[in-house]
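# Observations on the three-dimensional arrangement
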Amino acid sequence: MAGIKDLARECGVSVATVSRALNGHPEVSVETRRQIQQTAERLGYRPSQSARALVRGRSDAVGVLWDSGYETVGRRHPFLLSLLVGIKQALNDAGRHLILLNVDVDRQGPRAYLETAREFQLDGVIVMGLDGHLSALHALFESGLPCVAVDAEVAGPRAGCVTSDNRAGAVEAVRHLHALGHRRIATITGPVELMPAVHRLEGFEQAVGELGLKLPDAFVQNGDFFMDSGYACGTRLAKLPKSRRPTAVFVAGDEMALGAMHAFADAGLDVPGDIAVVGFDDIEAAGLVRPALTTVAQDSLALGAAAVDTLLAFVDKRAVDSAEATPPITPIRTPTRLVIRQSCGAGR
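Residues numbered from 1 in each chain as written. Predicted model: local features only at pLDDT ≥ 70, side-chain atom pairs only at ≥ 80, totals over all residues. Heavy atoms only, no water.

### Comments concerning the packing of helix H2 (residues 15-22) against helix H3 (residues 30-43)
Quick reminder of the rule: The convention used is that axes are lines fitted to C-alpha atoms, helices contributing only their stretch in contact, and that angles between N-to-C directions extend from 0 to 180 degrees. Under the DSSP-based scheme used, a helix requires at least four consecutive residues in state H or I and a strand at least two consecutive residues in state E, with every element numbered from the N terminus. Roughly parallel refers to an angle under 35 degrees, roughly antiparallel to one over 145, roughly perpendicular to one between 65 and 115, and oblique to any angle outside these ranges. Two residues form a contact once any of their heavy atoms are found within 4.5 Å. Polar here means any residue other than Ala, Val, Leu, Ile, Met, Phe, Trp, Tyr, Cys and Pro, which are nonpolar, and Asp, Glu, Lys and Arg, which are charged; Gly is therefore polar.
It is at 9 Å that the axes of H2 and H3 come closest, and there the two elements cross at 95 degrees. Viewed along their axes, H2 and H3 adopt a mutual orientation that is roughly perpendicular. Across from Thr 17, Val 18, Ala 21 and Leu 22 in H2, the residues of H3 making contact are Thr 32, Arg 33, Ile 36 and Gln 37. Across the contact of H2 with H3, the residue classes break down as four nonpolar, three polar and one charged.

Below is the structure:
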């Protein structure tokens, strides 16, 4: 493939003139620009993205950090896949490229994320599925490079957070079960070190307090967002004596809810006849199981768009005034909605 020197030689101009013409500089005449563009097309010349990034001071590329390893509890959730699609669509609409980063922090050290972002000359980084307390993330957030974390609290001069309104979604789920007549409502939580799990538990506790319900400690079971933990927690709830067993359970993730429903079936309990179930996320499988799962839906496209919009606002601010740090912003929250199906009893 032809390089920029080949193109300059063919057109009889300097390399600098070719560069200016292809980047739209006004000092290049219309005729010269047309000649260079036509010759570039004929030779099959494509500008080097790294070289263009150096000239323009930006790459139009955004990195996504995502620990998708199946050995890591709480990171391989199907919702993250739909969120990645939302981020990709929003970046495409904004004319930006997405680079999925593969970084080995254990091997590369605590500045691995920052050094990788600089190596690829990224305009910014979106972080998803990672614990915001990692030291490598702190170095990235504090660097001044525009960063946005999904479902993780961050601090830095150009760092922000976007999340679903997890508290409000949990409150709506518990109130729905209460409206159906349930007074013994349990919950299965996600990993307590992750922000969404904490906020969903807080929403559950808020609703329980507002409704005046007095629940035993056994009604709060700790899971990890995945099916096996949902099954284990569901088994423990099913083993409680009938008079002290919950009649409904709010599960902080759909995969756990599916696991709990399997556990209830194995224990001979009918869903929703003996125990009603409401999940969270609205993954694809939620509408396919029988009974279909009532759940609190997150809008992955809206969440992805919010992450991209927030990041590009930091990028634009940095371009206007690189010396001025952007003050911390309040986390952006996208709304959730209750999707009523059969597992709660109301959809029958």
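### Considering the packing of aromatic side chains
Our working rule: Note on aromatic pairs: the rings of Phe, Tyr and Trp (six-membered ring only in Trp) are paired at centre separations within 6.5 Å, and the planes decide the class, stacked below 30 degrees, edge-to-face beyond 60, tilted for the rest. The buried label goes to any residue with under 20% of its type's maximum accessible area, the exposed label to any with over 50%, and the partly exposed label to all in between, with areas taken from a 1.4 Å probe on protein chains only. Any Lys NZ or Arg CZ found within 6 Å of a ring centre and within 35 degrees of that ring's normal is scored as a charge over the ring.
Applying the stated criterion to the full structure yields one aromatic pair. Look at Phe 250 and Phe 280: their rings are 6.3 Å apart centre to centre, the planes differ by 65 degrees, and that puts the pair in the edge-to-face class. Taken as a pair, Phe 250 in strand S8 (residues 248-251) and Phe 280 in strand S9 (residues 276-281) lie far apart in primary sequence, 30 residues in all. Each member of the pair, Phe 250 together with Phe 280, is buried. Over the ring of Phe 280 we find Arg 200; its NZ or CZ atom is 3.9 Å from the centre of that ring.

### Observations regarding the sheet that holds strand S1 (residues 61-66)
The condition that has to hold: Paired strands are those between which DSSP finds at least two bridges.
Strand order across the open sheet formed by six strands is S2-S1-S3-S4-S5-S11, with parallel pairing between neighbours. Strand pairing shows two members of the sheet lacking a second neighbour, strand S2 (97-101) and strand S11 (332-334), which therefore form its edges. Neighbouring strand axes in the sheet, compared pairwise and without regard to direction, differ in orientation by 20 degrees on average.

### Remarks on H2
Applicable threshold: Directions are taken from the helix axis to each C-beta atom, and the arc is the one they span.
Here H2 has its buried residues at Thr 17, Val 18 and Ala 21. Each buried residue of H2 lies within a common arc of 100 degrees when the element is viewed along its axis, so the set occupies one face. If you follow the buried residues of H2, they end up packed against helix H1 (4-11) and H3. Note on H2: the residue one or two positions beyond its end, Gly 24, has a positive phi of about 75 degrees.

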